[in-house]
Structure formats: C-alpha cells, structure tokens
Amino acid sequence: MNHVNSQTTSIGANMTIDQLKERANYMRGLNLISLCCAGSGHSGGTLSMMDILAALYLKVARHDPTNPGWEERDRILWSAGHKAPALYVSLAVSGYYPEEEVAKLRALGSPFQGHPHWRELAGVEISSGSLGQGFSVAVGVALAAKLDKKDYHVFVISSDGEHQEGSMWEAAMAAANFKLNNLTIILDRNHLQIDGPTEQVMRLEPLADKYRAFGWEVREIDGHKMEQIVATLEEARDNRTDKPFCIIANTIKGKGISFMENVVGWHGKSPDKEELDRCLTELNLTGVFDLKRFFAVAGDYQTTVEKRLDAKMPHFKRNYWWNSGDMMKVKMDPTRMGLGRALDEYGDDERIVCIGADISDSITISDFYKKHPERKNRWYSVGVAEQGGTTIAVGLAKEGKIPVFGTYGVFSSARNLDQIRVSVCYGNFNVLIVGAHGGVSVGPDGATHQELEALFQMCGLPNMTVSAPCDAIEVKKATRALLFDIVGPKYIRFAREATPIITRPETPFVYGKGNIHRFRGEKEDFLDAFDIYLAEQYPDEHEDLTLVACGPETAEACRAAWILRQDYGLETRVLNLHTVKPLDRAAIIRAARETGAILTCEEHQVGGLGNWVASSVLGTPELAGKKILFDMLGVADRFGESGKSWQLIKEFGLSAEHIAARAKKLLEDR
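Quick caveat: nothing in here was measured; it's all calculated off a predicted structure.

When you go through the protein residue by residue, the secondary structure sums to 24 helices and 22 strands. With the principal axes as the frame, the protein shows a C-alpha extent of 80 × 60 × 50 Å. In the protein, which comprises 670 residues, the share counted as buried stands at 62%. For the protein, the exposed area adds up to about 24700 Å²; of that, 50% sits on carbon and sulfur atoms. Seen as two clouds, the 77 positive and the 89 negative side-chain charges of the protein have centres 2 Å apart.

Set out below in structure tokens:
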C-alpha cells in the first residue's frame, strides 16, 4: 500500500496494477457482504466505484491508518454519501479497522451509519448524505490548505445524479475562481439514478464541456481500467496548472455482477444470502471470506442492541407490543401509500401536475401516472434538484395548475426552505409540497435522511397549511382535501415504513378538525377497540388525561391508552391532530379543561407539535388559574441514526410504552 508513515514519512509497499485489480475485486465482495449483513443499502453505485477507490486509497492518496488525524494527509471527502458502504470498505482494506467490522453496517449505535458521520469513525472526513453539499465543503478545505501553505490534496467523491443540484455548480465556479489546483473531483459517471437514466431524468451532458467552461482541467477516463485510473489520479495529485482537476470516470453501475449491471433497481437495494452467494461466485471469491464470521458479527451485534433496548424500555404487566398476542391485532401499511392512492384516484383533474425529485417510486408520487399513461404529459422529474422543483411548481401554480412537488421530508422542507418561504408562501401560491419519510422510523438511512424538524419550519411560515395524517387511509383523505379544498401553500408529512392502520375509510375526517380515539376495551382487532369521533362532537367522559398526537405517533398514543387502562385503570382521551396548522385549538382547550392533563406525542424534535399545543393552553384566559398538568414527548434535541425502524422508535423513547410511563409519571403530580 502507498500509505505514508506519518512519523517517518516513509512510503509503504507500492502496489502494482495487477495487485490493485485484485484488491478492487476483493473490495467488491467485501462491500456486498456488508450490504447483505445490513439488509439494506446501495449496491449499484458502490460497485461502480471500486476500481477507482482501490487506486485512490491503496496507491495514490497519502494517508496513515495508524494516525488518521495526520495534518499532512490527503483529504478524501465523500459528497455522494449514499456510497458510504464503499467508503467503509476502503478504510477497512487500508487497515483502519478489522474487515469484519463492516458487518455492522447501518446497525443501531454502529459507527458505520447509512450515510457517513465524521465524528463517529476515523478516516471519514465529513458527514454527508444530502447531495451537493460535500463539494462546497471540499472547496473550503482546499482554501484552508492554501492559507496554511499545506501540501495535502483534496479529493471529492461525487455521483453524476448529484450534479443536478445547483450547489454543485456553485462549488465548481468557486473552485476555478480561487484557482484551487489542490482540488480534484472524481465523478462516478454510471449514467443511472433512482428515477432512471440520467439523460432521461435530467440531462447532464455535455459534462466535460461544462467543467471546462467553468475553468477546470478535465480528463475523461474508463473508470474500470486500472492503468488509466492510476495515471489520471497521479496527474491530478501532481497538478501543476492553476486550475482544479475534474476526473469524469465512465463506469458501469453494479459493475462485476451480471444481474446488477446497469439495472436501476439495484441503486438502493442489498443482496440477500442467496444473491450474495451468486455475487461471490461471479467475482471468483467463493471461499475467500469467512461468511459465518461476518454474519456472526452482525448477529451478535444486533443481539447486543436488542438487549440494550429492552433494558431501557418501560415494562408493564404483560407485553403490549404490536401483534404480540392473540388479541388487539392490527394491520400495517406504509402511510406513503395513501399519497399514491390519492393521486391515482384523483389525478384525472387536468389541473394537477406532479413533480418528482428522483425518489418518485419510493414516496409513491409516480403512482399519479403509472396506470394512466395519458397523464404522463403532466408528470415532470426534475432529478436531484429540490430548489428548482419547488419554484417550478410556483410557476405552474401561477398559471392555474395544482402542482404537487414531493421528495423526502429532509429535502422538501429544509433544502428548499427559502424557495418555500419567498416564492410559495410570500406569493401565496397553491402548491402542495410532499414531505415523505418523516421521523426516525425511516430507519437505516440514518440522520441525514430522517426528517425531525419540518413542523418547526413549515408551521412557522405565514400562509402555510400543514398536515400530518396518522395512517395510510388518513393520508389519502388529507391528500384529497389538500388538492381540492385548501387553496394556497400546503405541506403534508408522512412516514416510510409500514405503520398501524387505526382508521377506516368511513372514519370522520374534516380538514382542520381533530379526531378523538377512545379506547373501549380489548378486541380481536385493535381498530375495533376504539370509537372515533370528530373532536367537536365528542361528549366529555371525564378521562384522567389527554394524549395529543399527530402522524403515526397517534397509533402509539392509542396503544398507550390501552396500556394505561389495562395496567392502571386510567382512562385516556387520544386527540389526533392530523391537521397541525391550522390547529384545532377548540379541541385542545376542551381537553385541557375536561381532563386537566395533556401529554403531547410526536415523532419529531420535541415541540414541533407540543409548542403549538402549549401555546393554545397558555393563551386561553378561561384556563388561567386552573391547574393543567402538561408534558411533551418527542425526540430530545438530537439527530437520528441508523437502525431498524422499530429499534429507533424504542431508542428515541417514542413507543407506547414510553408514552404510558411518561403519562403515569405526569399524573402522579396531580
């Protein structure tokens, strides 16, 4: 390896081209094993990069695994954070940690997060995952090297789809403007992104000409020819021009595995054990890895995680977990499906135009046209370009259309916040923004993809209407209301994973009005154990407390009501605020007056819902002087992390067990 001993500056073993080819093949196998152990992750774009990464980490870049913070090391920044498994493999084969550690990929508490976190793992330079940001960070790092007169080189790992983000071109402009010849971007040009071929989703070509026009030195290479890769990386490392260096590496997504190569579906999919065996056979790596050891590491780690979670969970007289007994069975369905069903059913209205942002199938917005080819002319995929997609929607709304723009909530409520604030809300345009994959239950993707702040951002905007429905059925109803009944800026937040169905198609639903879910007694079906009322029609039953919730956390609140009745004989009113803005203040004030105790429950940073409920109570003169017990339960001012969805609900204290325990403690102060 061309590692540098940072103490003596002596160079390690200099690998030959054939040795690098062998290592790249080995790294592909190790990468697939880690993905299989995780049960999730990105296969396609990690496999396409391995030849480049072998050359970079094992020959060209200067770094010392025994001294990861060495000041003179070359910096390798991963702007394309979804390729994290390949980063972890590169560090493992470089000697930063034992190779079997990558079996802990995407596990709760593991440093091998779904997207990289630089504070968790040596050798990781930046936290990334939101595309288009790492490149600008690299510009800053390269500027720092110039200021400090350091000789280190800055390499950026990027994807082609990432270049649909406008921030990429801001970084490209800045790097050339500042003559950063110590900066190299390596562009994985595999021509595929989640929504399909890049040139069909949002055309990128001519990429080389664009970089040259921005003032860069550009080389186009075959990203799988080791001789060419090494020569070009060394040329970039020794750059003597006054220009930054761009390497456009033409690669094959899923390289090395016949059934993965150039298949869009393998972008964010991991192999199962049978598929892993096929992969290792095709790579001629059968018997090379001790697979039992890797799976044992993964399994033992998960066992440790489960024991830790169980130890921190509140315990009751029996197990009340979802579908754990013969009674109170519940059906599960992802809330995102409600959006797709609504767009499928109501999309014939010629005013509706849908705009996807590269994860269209995942959030189900593409169901708008899938069974209706005649609607395809009203469908636009803008690729990885949330800011542009938002303001395109404004233009459509200005001309009388009803645009629906959707992506993950972290990107549809935060990256484009200024566009929403000025163009959508200040202009008061009729735009429906979809914030999918809200909450920690997104799971293994980790903190960068777990939206926990949208209610702060969206509810704080004038003219904005905000909805957080409790299940897939309610998402469909809310989507219909937002399309046709609410005119103006509007935002809908829902989750990714399957969550309990706690309403029926015939359940009352009035936009802007809360519902009361009242537990009546154990039934065979969980749903049958509750009566559901419009809050304004609910008669006071003198309950002991009210649980106020929104989104899928409403189901946890309902389960908590069951626990509180069975274990403590406490009666609970569950107030489902599927509309967070405008808030049903009347229902909140009634609950405070009639029950005297309120606990808010949200799969969100604590206060996103709770602060609005608290202001309703505190701002009501008729409640002045009346003792109202009040508490808020949510994510306690921390970022999410990778893990299985239900593990994260437990880890972050969002389960019904945590709600019931907090409610019991609250009532003890009465």
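Now that the structure has been shown, the text picks up again.
Below, the discussion takes up the sheet that holds strand β9 (residues 352-356). The strands making up a sheet are joined through hydrogen bonds of the backbone, oriented either antiparallel or parallel. The seven strands lie next to each other as β10-β9-β11-β12-β14-β13-β20, forming an open sheet whose pairing is mixed. Each end of this open sheet is capped by a strand with a single partner; those strands are β10 (379-381) and β20 (579-581). Between one strand and the next, the sheet's axes are offset by a mean angle of 20°, whatever the strand orientation. Pairing geometry for strand β11 (residues 402-408) and strand β12 (residues 432-436), over five bridges, is parallel. By the bridge assignment, G406 is partnered in β12 with V434. Along the sheet face, helix α15 (residues 386-398) touches β9 and β11 and points at about 165° away from the line of β11.

A word on the pattern of salt bridges. Considering all chains together, one arrives at 53 salt bridges under this definition. Linking D631 and R662 is a salt bridge whose minimum nitrogen-to-oxygen distance equals 3.1 Å. Of this pair, D631 sits in strand β22 (residues 629-635) while R662 is found in helix α24 (residues 656-667), placing the two residues 31 residues apart along the sequence.

Moving on, we come to helix α20 (residues 553-568). A rise of 1.5 Å per residue sets the reference length of α20, with its 16 residues, at 22 Å; its end C-alpha atoms lie 22 Å apart and thus fit the reference within 8%. Most of α20 sits out of view: 13 of its 16 residues are buried. G569 sits one or two residues past α20 and shows a positive phi near 70°.

In this section: the environment of Y301. Within the element layout of this structure, Y301 appears in helix α11 (residues 291-312). Using a relative accessible area of 18% as the deciding quantity, one classes Y301 as buried. For Y301, the contacting residues outside a window of four places in its chain are K104, A107, L108, G109 and S110.

Here we come to the nonpolar core. Counting 67 residues, the largest nonpolar core has L32, L53, L56, Y88, Y97 and L233 as the members making the most contacts within it. Beyond its immediate sequence surroundings of up to four residues, L233 is in contact with I52, A55, L56, V60, F155, I186 and I247. Counting residues in each nonpolar core, the second largest holds 49 residues, with L545, C558, A560 and L629 among its members.

Turning our attention to the packing of aromatic side chains. Inspection of the entire model under this criterion finds 20 aromatic pairs. Between Y320 and W562, the aromatic rings sit 4.9 Å apart at their centres with planes inclined by 90°, giving edge-to-face as the arrangement. Note that Y320 is positioned in the loop between α11 and β8 (332-334) and W562 in helix α20, a separation of 242 residues in sequence. Each member of the pair, Y320 as well as W562, carries the same accessibility label: buried. Residues F526 and W562 carry aromatic rings whose centres are separated by 6.4 Å and whose planes lie at 75° to one another, so their mutual orientation is edge-to-face.

A cis geometry characterises the amide bond from E205 onward to P206, with omega recorded as 5°. Within the secondary structure, P206 sits in the loop between α7 (198-201) and α8 (207-213). Cis rather than trans, the peptide bond between K581 and P582 has omega equal to 5°. Turning to its location among the elements, P582 is positioned in the loop between β20 and α21 (585-595). Notably, M328 is not glycine yet its phi reads approximately 60°, a positive angle. By the secondary structure assignment, M328 is in the loop between α11 and β8. At T364, a position not held by glycine, the phi torsion is positive, near 70°.

Attention shifts here to the sheet that holds strand β18 (residues 545-549). Sheet architecture is open: six strands sit in the order β17-β16-β19-β18-β21-β22, paired in mixed fashion. Whereas interior strands pair on both sides, the edge strands pair on one side only; in this sheet they are β17 (530-534) and β22. Mean inter-strand twist for the sheet, computed between neighbouring axes without regard to direction, equals 20°. Where β18 meets strand β21 (residues 597-605), four bridges bridge the pair, whose relative direction is parallel. Counted as the bridge partner of A549 is C601 from β21.

Position of H82 relative to the elements: it lies in the loop between β1 (75-78) and α4 (84-94). Classification of H82 as buried rests on a relative accessible area of 12%. Separated by 112 residues in sequence, H82 and I194 have C-alpha atoms that sit 12 Å apart. Contact partners of H82, with chain neighbours within four places excluded, come to H42, H115, L131, S159 and H267.

The next subject is the environment of S136. Position of S136 among the secondary structure elements: in helix α5 (residues 134-147). Judged by its relative accessible area of 34%, S136 falls in the partly exposed class. A C-alpha to C-alpha distance of 18 Å links S136 and L207, two positions 71 residues apart in sequence. When near neighbours in sequence (up to four residues on either side) are disregarded, S136 contacts S167 and A171.

Next up on the list: the packing of helix α1 (residues 17-38) against helix α9 (residues 226-237). Pairs of packed helices are described in terms of their axes, by the angle between the two and the distance that separates them. Two elements in contact, α1 and α9, have axes separated by 10 Å at closest approach and are oriented at 105°. In this view, α1 runs roughly perpendicular relative to α9, as classed from their interaxial angle. Taking contact as the criterion, the partners of I17, L20, K21 and A24 in α1 are, on α9, M226, E227 and V230. Taken together, the residues that form the contact of α1 with α9 break down as five nonpolar, no polar and two charged.

Of all five residues in strand β19 (residues 572-576), five are buried, a share of seventy percent or more. Neither face of β19 is open: one carries T572, V574 and N576, the other R573 and L575, and all of them are buried.

Right, let's get into the state of the cysteines. Under the counting rule described, the total for this entry stands at zero disulfides. In this structure C425 is not part of a disulfide, and its nearest cysteine sulfur, from C459, lies 11 Å away.

Cut-offs applied
Residues numbered from 1 in each chain as written. Predicted model: local features only at pLDDT ≥ 70, side-chain atom pairs only at ≥ 80, totals over all residues. Heavy atoms only, no water. Helix = DSSP H or I, 4+ residues; strand = E, 2+ residues; numbered from the N terminus. Buried < 20%, exposed > 50% of the residue type's maximum accessible area, 1.4 Å probe, protein only. Areas by Shrake-Rupley, 256 points an atom, 1.4 Å probe, with all protein chains shown as cover. Lys, Arg positive; Asp, Glu negative; His and termini not counted. Charge placed at Lys NZ, Arg CZ, Asp CG, Glu CD. Pairing = 2+ DSSP bridges. Axes fitted to C-alpha atoms, helices over the stretch in contact; angles between N-to-C directions. Contact = heavy atoms within 4.5 Å. Salt bridge = Lys/Arg side-chain N within 4 Å of Asp/Glu carboxyl O. Expected span 1.5 Å × (residues − 1). Core = buried A, V, L, I, M, F, W, Y, C linked by side-chain atoms within 4.5 Å. Phe/Tyr/Trp six-rings, centres within 6.5 Å; stacked < 30°, edge-to-face > 60°. Parallel < 35°, antiparallel > 145°, perpendicular 65-115°, else oblique. Nonpolar A, V, L, I, M, F, W, Y, C, P; charged D, E, K, R; others polar. Disulfide = S-S within 2.5 Å.

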